[in-house]
Structure formats: C-alpha cells, structure tokens
Amino acid sequence: MNIILSVDQVKKFSVQALQQKMETDANGLSSTEAKNRFEQFGPNKLIEKKKNPFLNFLSYFWGPIPWMIEVAVIISGIMYSWDDFWIILTLLVFNAVVGFWQEYKADNAIELLKKKLALSTRVKRDGVWKDLSASSLVPGDVVQMQLGDIIPADVKVFGNGYLSVDEAALTGESLPVDKRNGDVVYSGAVIKQGEMEGIVFGTGEHTFFGRTTKLVTDTKNSSHFQKAIMKIGNYLIIFAVTLVTIIFLVSIFRHDPLLESLHFSLVLIVAAIPAALPAVLSVTMAIGAIELSKRQAIVSRLVAIEEMAGMDVLCFDKTGTITQNKLTVGQSHPFGKYTEADVLLYATLASKEEDRDAIDDAIFKHTHDDIVIKKKLNAYTMTAFVPFDPVKKRTESTVKLGRTIFHVSKGAPQMILELVGTEGKIKDDITQTVTDFAKKGYRALGVARKTVKGKWDFVGMLALLDPARDDSADTIAKARAMGVSVKMITGDHIAIAEDIGEEVGLGKNMVVAEKLIKLSDTEAENMIENSDGFAEVFPEHKFRIVKLLQHHNHIVGMTGDGVNDAPALKVADVGIAVDGATDAAKSVADIVFTKPGISVIIDAIEESRKIFHRMTHYAIYRIAETIRVLLFITLSILVFQSYPVTALMIVLLAILNDAPIMTIAYDHVKFSHNPEHWDMKTLLEVATFLGIVGVFSSFGIYYIGRVVMHLSPLMLQSFIYLKLSVAGQLTVFVARTKHHFWSIKPAKILLAAVIITQSIATIIVVYGIVLPPIGWGLALFVWVYALVLFLITDLLKVQFYRFLGMVA
C-alpha cells in the first residue's frame, strides 16, 4: 500500500502521525496514483495570464508616434488626398505589425529558455528515488531537499535533520529560517543549510504564495548598452523635431496652406524617428540567445549578452569550473594512534552516499574498492547526518556501533582543526601535511572522531585530487587574448591555488582572501587588480571582490555553481552558473551552462561583441540617414523654397527602408579582440560625416534634375525620392564596417532585403504607381549615380576613420 494522502490530510497531520506514516510505508506514490493526481491538480507551475493577442496588437496603435501618424491619416482624408491616406495608413499598420511580431518572437524565445531552465527535484516514486522535473510533482509526493535547492512546492518536512531556509524572496525576511520535523517550507524558498525529506501538499497555483521563483527575466530590462541606444534615439527625435519645427514655421510665414504644412511636418517627424529601434534590439538579442542555447549556454537575462561585450574581468570559480570536479582519493595521512584504514573508515562514516556530493562520491568509490573497509562498515549504523554547508565547511554524522554511539566529522582541515582545538607539535604536523598535499595539487580533507569522553580527535587527512579540465588553459589564454583579465577564486589552500593557477596558465600570484579584510578599499582594490586569483575564500569574500572590481570601473563576469556563489553571481555584471550548478546559483545567474567546461564562455564573448557591432552599425546608419534626409529637405525648403519630396514619398521611404534594416540582426560581422564600450564621440562624428556627404550627394542629383535635365516639379520629386531610397539603403553597407564595404561579406538576407525593397521603389517610380512616373531611363540614371556616390562615400569613410586614428 502506497502513501495516498489528500492535501488537507497532509496539512492537518501531526508530526508524530506524519512520521509514523512515513516509517510505515516510505515507498512514496505509485506511478499510477501520481498520474491520477497530475490530472487532478495539473502541472506544478503557475498558469501565466496569457496576453490577449488582439488587445496586444491594438496597443501598438496607442502612444505619441502612432497618434502623430493617425493625425496625418485624418488630415489626408480631410484634404481628400486618398493616395496619401492609404499609404500613411499602411505605415501605421506596418509599424503595429512589426512591433507585435517582434514581441511575439521575443516572448517565444523567452518561453524556450524557461523550459530549458526548468527545475528538477528528487522524488520517491514506487519506492525508488528519481530525478524528475519539478513541474511533475503532485500532492502526496515524497521529495528530498538539500543545500542549494529551491523548494519546488509547498512541503511539510519530516525526519531528524534540519533546514535553514532563505525566504527573503517570499516574505522579505532577510535572515534564514530554521525548519525541523513537521514544519512547512514554501515553494520558491532557497535552502542555505541542511537536508531533509518532506511530503508535498501544495503545487502550482495551490501553493501558499501562489507563485514560484521567477528564473527568467524578459527583454525589457535596460542594460548600459540599451540605455546608450535610447540616448541615440532621443538625440534623433530632438534633431528631427527641431528641423521640422523650423520647416513648419517657415511654411506658416510663407502663408502655405496650414493643413498641408501640418500634414507634411507630422509625416516627416514620424519618418525621421527610429521606429525600427526596439524591433532591431529585440531581434538581435533573441537571435544571440538562441545561438548561444545551441552551444549549451542558456541566457536567463537577455541584456547580459550585451553586458558581456564590455566585460573586462572574469572571475572563475576553481572547483567544477577550471577543474573537473571529479575527485579521486589519493593517499591518506593518519595522526597519533590511528591508521590509514581508520582515516578512510571514519571519512566514509561522515559521508552520505545518496547525497551525490562530489567528495562523498569519491570516498565511497574508493571504499567500494577496499574489501576490508567495506566489511567493517556493515557493523556501523548512521543515526543522524548534518550535511556540508559553506560556512562550517564540514559534515558530521552520529554513528552507532553496538551500544556505543559516537560522532565523526570530515571537512576543511582548518575547520576540523578548530573543532579539535589541537595545539603544539601535532598542529604543526597537520599544517605541514596540508602544505605538502597542496604542493602536489591535492586538496586535504580532515577527518575527526569524538571519543567516549566527549573530546574530538584528529584522525588524519585524505588527499583529494581534482584535475584541471582539458579546455581550461586554452579558454583562459583565449579570454586574455580578447582583452579579458582572468582571476581564479577558490576556497582551497593557497598552495593548491598556486599549483592549479600555474597549470592552466593563470600564474602563481594568488592572495589569501583573509588579507583583503584587513585592508582599506583602495588598498584592497590595488591588490585585487594585480593578483591572479584568491585562495581560502568564503562567500562574503567573493561578494566583496566583485564589488571592489566594479568600483574600480571594471565590468565583471563571475562563474559559480554553489549556493555560496549566489550573492557574487547576483551582484556581478554577468553572473554565469556552470554545468551542475545548484538551483540557487541558477536562479540568480544571467547565463547557465548545460555542458561541462568553460569554453562556451569564449563563444558568449564573441557573440556579444558581434551583437555590439551590429547595433553600432545600425546606430551609425540611423543617425546618418536622419541627418541626410532631414537636412536635405530642410535646406531645400529654406533655400530653394520648394518641397523636394512629398509627404507620401517620405512615408514610402520609412516603410521600404525600415523593413530591410531589421535584417541587420543577421549580418556577418567580425568581433573585436578588446572589450567594447560606447564611444559616442566617434560614433556621432562618423554618422554626421556620412550624413553630410549624403546631403551633398542629394543636392548634386537635385541640381542635375532641376537645372540640367529641366524635369517638371512632379517628376523631379519622384527622381529625388528614388535617389533618397536607393542611396539610403546603400548607406547600410557603408556603415557596417570601418574598412571598405567589400572587406566583410554582408549576410544574404540583408542583401536580399535591400534588393527586393529597392526594386519595389524603382517599379513604383518607373510605372507611376501612386507617384509620378519617370520611366526606366531616369531610374537607371539614379541607380548609376547612387552606386558611384556609394563608392566615393565608402572611400571617404575609410579616409575619415584613418583621420580619427581608428584604421591603420
């Protein structure tokens, strides 16, 4: 008979009744009963409120920019300008469709990432412990919870252990809360210490707080990168509004029809505003995240990809990141009356096999190969176990042998030494043994036994070897070659840190973290700046190291896997949880690795810098185009007292030029070998230069059409429109590289988008579709003129970059 309890029964069960029930039948739910309850209660996750697609789409018709377009549509109708009316209405719908579609794609990307970051938990089903998705939990399930786990559901705990639970995200209580037999722990809380089993009584929407910890953020968080882009957008808006205001006032002064002037001004502002900016950002971020997910790096905060572009310091956690975290037991070193066999025996008694702890696994694997020790273990019974926690840095077991009950402990030698309180020669021997082990690259594990008199004895030490990963040295070398300073952080002895540091090419300049506490912030910053890494580190040390590096104007990346790494991962600019990380580490990390090794960090750095370049290219193009079009139109109106293009043509420019520019998110770019940062001065100088060259180019063809060819005013406007359209799209290829346009081949999708949209623009003016026709002869002349000026502009651009000292 299996445990089948209703939710109300679990809540009302007394501690004694619950314990008795679990001891009587501890098989957990049967698979059949679990399936039935899953159908009854549903998945263990919140049912998110879905956006209404129709209402969401309508929201894109609301706001300052849509309002201006809508006013322009209304004015077109009042003026009976039906061609303008339908084209401007098309622009309005186009902007709404683009915004809606990009949000939909971004939401889908986030949903995919959520699924890949789903929690798993240890569940007892049919009497067997299994690793299952937390979403499959049902009331009545028996679960195991330990250090670093996020509580997967509302659970009533039982047994002799204890849990120290961080409920700050749920209750606002900053201090951990202790939970013991019969207490309730809530979904979303993080286990800081301890280990217990419990029975689930609330899942999904039925949990006490009605929500789980949110692991994945959305694209709306602003990074330094996005803020810079928004500054560019604001600059363009101010520039556009200023020039258009001048045009409007001049029109009023000249007694031009008020409605026509207002209509033209509104359309010009709308066309000048970078409406594609949010879409380009969303697409670029989503593509970067999906590309990294293919390489087993799941992005939980999309803007972290951008932050990584500027990352110049990367702090690597040693164990499990630089090293394999596959420990093997080497030699043992007994003290006093104890033997090598005693060291291994008591170390095994201070371990718990089902916890799957790396150190415990190594000890049990070694013990299973020793027949004598294996037989001896059968005589002992573990009655209580206190698991490892990052503060005490040791485990402790209560063991029964016949009628004798005693305690054993294993952990960091300094913590075992503190427990034993040994002084004199044996303390020197212990310290020397730790140093000897460390010089050989071994971690030392202290083992102690509590005697019947209540005094702890230092039994001896085990040597543990955790070899470096095959890709660590190469990854560190590549990161340094890309301008990223790499530092190692470990809780191990400084001699081990120096040995590993030298092996992977980091260097031997390691600092004992304790020294940082005694220094002022300025002194500590200088020491951190000049070091290769830190040893004997506690959680609070990691946090301070990251904060001091940030205070020193560094953009800091931090890797980690344990609950003790969580504070540093959260405060870092880019927090990275490595493969096998605890739920607590994953929940605060920006990027989560799902494969062993750290080589994917290089992929992430490269991808982030490519994204940076794409966005820089877009910014240069957008600023240059706004200056080119607005300045040309403004000067034409002021100097020649004529409108070079109509409002309808401006709308067509906005539609046909914004559509292909979004494909820049797929463009081929080269990543730089140094951390990226926004150089606004250079960016504005280059964009302004290209924009002014474009203004001269536009006036050149205006002169040819008006003075040389004597085109009629209507044909001249179509003539100028095609030039602005074709030359505008060719500017994309000028802006996308500091070198000549052919130095980097453009993406096929970008090239195809430009060809298609400009072919449409050409057909419109050739055959007079909604615009005055100019025929193939004039259209061909415009294309030849635009291509020649494109080549000249590209040559001038390279020379301008050389003048700025940015190209050799």
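Position numbers for residues start from 1 in each chain and track the written sequence from start to end. In keeping with the predicted nature of the model, local features appear solely for residues at pLDDT of at least 70, side-chain atom pairs appear and are counted solely at 80 or more, and the whole-chain, interface and lining totals rest on all residues. With hydrogens and water stripped out, all remaining heavy atoms of the structure feed into the side-chain values.

### Examining helix H22 (residues 539–551)
Starting at the N terminus, helices and strands are each numbered in turn, a helix being any DSSP run of H or I of at least four residues and a strand any DSSP run of E of at least two. Helices are assigned an expected span. That span is 1.5 Å times one less than the residue count. Here H22 is 13 residues long and its end C-alpha atoms lie 19 Å apart, about the 18 Å a rise of 1.5 Å per residue gives. When accessible area is computed with a 1.4 Å probe and restricted to protein chains, residues below 20% of their type maximum are described as buried, those above 50% as exposed, and intermediate ones as partly exposed. Buried within H22 are the following residues: Pro 539, His 541, Lys 542, Ile 545, Val 546, Leu 548, Leu 549 and Gln 550. Immediately downstream of H22, the backbone of Asn 553 shows phi near 65 degrees, a positive value.

### A closer look at the packing of helix H29 (residues 748–767) against helix H30 (residues 775–803)
For helices, the fitted line uses only the C-alpha atoms of the stretch in contact; every axis is such a line through C-alpha atoms, and the angle between N-to-C directions lies from 0 to 180 degrees. At their nearest, the axes of H29 and H30 sit 8 Å apart, and the two run at 140 degrees to each other. Where H29 crosses over H30, the handedness of that crossing is right-handed. Contacts between H29 and H30 involve Gln 758, Thr 762, Val 765, Val 766 and Tyr 767 from the former and Gly 775, Trp 776, Ala 779 and Trp 783 from the latter. Class assignment of the residues belonging to the contact of H29 with H30 gives a composition of six nonpolar, three polar and no charged. Here a crossing is called left-handed whenever its near helix is offset anticlockwise from the far helix by less than a right angle, and right-handed whenever the offset is clockwise. In this description, contact between two residues means that some pair of their heavy atoms is separated by no more than 4.5 Å. Basically, the charged four are Asp, Glu, Lys and Arg, the nonpolar ten are Ala, Val, Leu, Ile, Met, Phe, Trp, Tyr, Cys and Pro, and anything else, Gly included, counts as polar.

### Topic: the side chain of Thr 634
Note on placement: Thr 634 falls in helix H25 (residues 600–640). Pairs of N or O atoms are called polar contacts if they sit within 3.5 Å, as long as, within protein, a hydrogen donor faces a hydrogen acceptor (for residues adjacent in sequence, only side-chain-to-side-chain pairs). Looking at Thr 634, its side chain comes within polar contact range of the main-chain oxygen of Leu 630, at 2.7 Å. Setting aside chain neighbours within four positions, we find Thr 634 in contact with Leu 243 and Ile 247.

### Topic: the packing of aromatic side chains
For this analysis, a ring pair means two rings from Phe, Tyr or Trp (six-membered ring only for Trp) whose centres lie within 6.5 Å, classed as stacked if their planes differ by under 30 degrees, edge-to-face if by over 60, and tilted for the remaining angles. One pass over the structure, following the stated rule, counts 18 aromatic pairs. Each ring, one from Phe 632 and one from Phe 699, has its centre 4.9 Å from the other, and the planes form 70 degrees; the classification is edge-to-face. Placement of Phe 632 in helix H25 and of Phe 699 in helix H27 (residues 680–708) is noted, with a sequence separation of 67 residues between them. Looking at Phe 632, the relative accessible area reads 0%, which means it is buried. As a reminder, the over-ring test applies to NZ of lysine and CZ of arginine, requiring each to be within 6 Å of the ring centre and within 35 degrees of the ring normal. Residue placement shows Arg 449 over the ring face of Phe 406; its charged tip is 4.1 Å from the ring centre.

### A closer look at the sheet that holds strand S9 (residues 297–299)
At least two bridges found by DSSP between two strands is the condition for calling them paired. Strand order in the open sheet formed by eight strands is S9-S22-S21-S20-S10-S17-S19-S18, and the pairing between neighbours is mixed. Of all the strands in the sheet, just S9 and strand S18 (510–512) have a single pairing partner and so form its edges. Within the sheet, the average angular offset between the axes of one strand and its neighbour, ignoring direction, is 20 degrees. Bridge count between strand S20 (residues 556–560) and strand S21 (residues 574–577): four bridges; the pairing is parallel. Within S21, the residue paired with Gly 560 across the bridge is Ala 577. Each of strand S17 (485–489), S18 and strand S19 (533–535) is contacted by helix H19 (residues 494–503), which is oriented at about 165 degrees to S18, the strand it contacts most.

### Some remarks on the confidence of the model for the protein
In this model, the protein carries a mean pLDDT of 79, and residues with pLDDT of at least 70 account for 80%. Summary of the metric used: pLDDT quantifies the predictor's per-residue confidence within the range 0 to 100. H30 holds the highest mean pLDDT among the elements of the protein, 95, whereas helix H2 (residues 15–24) holds the lowest, 47. Low pLDDT, under 50, characterises residues 1–7; the stretch is placed with 29 contacts to residues that sit more than four places away or in other chains. Across residues 211–221, confidence stays below pLDDT 50; counting only partners more than four residues off in sequence or on other chains, it has 28 contacts.

### Considerations on the pairing of strand S5 (residues 163–166)
Pairing of S5 with strand S6 (residues 177–179), which is carried by three bridges, proceeds in the antiparallel orientation. Note on S6: the bridge partner recorded for Ser 164 is Asp 178. Both S5 and strand S8 (residues 190–202) contribute to a ladder of four bridges, which runs antiparallel. Bridged to Ser 164 within S8 is Gln 193.

### Quick notes on the nonpolar core
Side-chain atoms within 4.5 Å are what join buried Ala, Val, Leu, Ile, Met, Phe, Trp, Tyr and Cys residues into a set we call a nonpolar core. One finds Ile 633 and Tyr 721 to be the most contacted residues of the largest nonpolar core, which totals 75 residues. When residues in this core are grouped by element, the largest group, 13 residues, is from H25. With near-sequence residues (within four places) excluded, Ile 633 lies in contact with Ile 247, Phe 264, Leu 268, Pro 644, Val 645 and Ile 650. Grouped together as the second largest cluster of nonpolar side chains are 43 residues, Ile 305, Ile 476, Ile 601 and Ala 604 included.

### Comments concerning the sheet that holds strand S13 (residues 394–401)
Pairing is antiparallel across the open sheet formed by six strands, whose spatial order is S11-S16-S15-S14-S13-S12. Strands with a single pairing partner mark the edges of an open sheet, and in this sheet they are strand S11 (328–334) and strand S12 (381–386). On average, each strand axis in the sheet is tilted by 25 degrees relative to the strand beside it, whichever way the strands run. Judged from the five bridges that link them, S11 and strand S16 (residues 456–465) form a sheet pairing that is antiparallel. What sits directly across from Val 329, in S16, is Leu 464. Helix-sheet contacts for helix H13 (residues 340–349) involve S11, S12, S13, strand S14 (404–411), strand S15 (442–450) and S16, and the interaxial angle to S16 is about 90 degrees. Against the sheet, helix H16 (residues 413–420) makes contact with S13, S14, S15 and S16, and its axis sits at roughly 175 degrees relative to S16, the strand it touches most.

### Side note on the environment of Val 537
Positionally, Val 537 belongs in the loop between S19 and H22. In contact with Val 537, other than residues within four places in its own chain, are Lys 393, Ile 489, Thr 490, Gly 491, Ala 513 and Lys 542.

### Section: the environment of Val 128
With respect to the helices and strands, Val 128 occurs in strand S2 (residues 128–133). What makes Val 128 partly exposed here is its relative accessible area of 44%.

### Some thoughts on unusual backbone geometry
Phi angles above zero are rare outside glycine, and Asn 553 is one such case at about 65 degrees. Tracing the backbone through its elements, the reader meets Asn 553 in the loop between H22 and S20. A relative accessible area of 71% places Asn 553 in the exposed class. Not every positive phi belongs to a glycine, and His 710 is a case in point at roughly 55 degrees. Given a relative accessible area of 62%, His 710 falls into the exposed group.

### A look at the pairing of S13
With five bridges joining them, S12 and S13 adopt antiparallel strand pairing. For Val 386, the partnering residue across the bridge sits in S13 and is Glu 396. In terms of strand pairing, S13 meets S14 through eight bridges, oriented antiparallel. Paired with Thr 398 across the strands is His 407, a residue of S14. Between S13 and S14, which pair antiparallel and follow one another directly, the connecting turn spans two residues, one of which, Gly 402, has a positive phi of 65 degrees.

### Some points on a nonpolar patch on the surface
Taken together, the side chains of Ile 246, Leu 635, Leu 638, Val 639 and Phe 640 present a nonpolar region at the surface, about 380 Å² in accessible area. By residue number, the principal contributor to the nonpolar patch is H25, which donates four residues. Structurally, Val 639 can be placed in helix H25. Residues forming no salt bridge and having over 30% relative accessible area are the ones grouped into patches, like charges within 9 Å of each other and nonpolar side chains (Val, Leu, Ile, Met, Phe, Trp, Tyr) within 5 Å. Here the Shrake-Rupley method, with its probe set to 1.4 Å, supplies the accessible areas, and only the displayed protein chains count as covering residues. Put simply, a salt bridge is a Lys or Arg side-chain nitrogen that is within 4 Å of an Asp or Glu carboxyl oxygen.

### Let's talk about helix H26 (residues 647–661)
Here H26 contains 15 residues, and its C-alpha end-to-end distance of 21 Å stays within 8% of the 21 Å for a straight helix at 1.5 Å per residue. With 14 of 15 residues buried, H26 lies mostly within the body of the structure.

### Some remarks on the packing of H13 against helix H14 (residues 358–368)
Close contact between H13 and H14 brings their axes to 10 Å; oriented N to C, the two are set at 130 degrees. One way to sum up the angle between H13 and H14 is to call them oblique. Between H13 and H14 lies a crossing of left-handed hand. Residue-level contacts link Leu 344, Ala 347 and Thr 348 of H13 to Ile 363, Phe 364, His 366 and Thr 367 of H14. For the contact of H13 with H14, the class distribution of residues is four nonpolar, three polar and no charged. Any angle between 65 and 115 degrees counts as roughly perpendicular, while under 35 counts as roughly parallel, over 145 as roughly antiparallel, and the rest as oblique.

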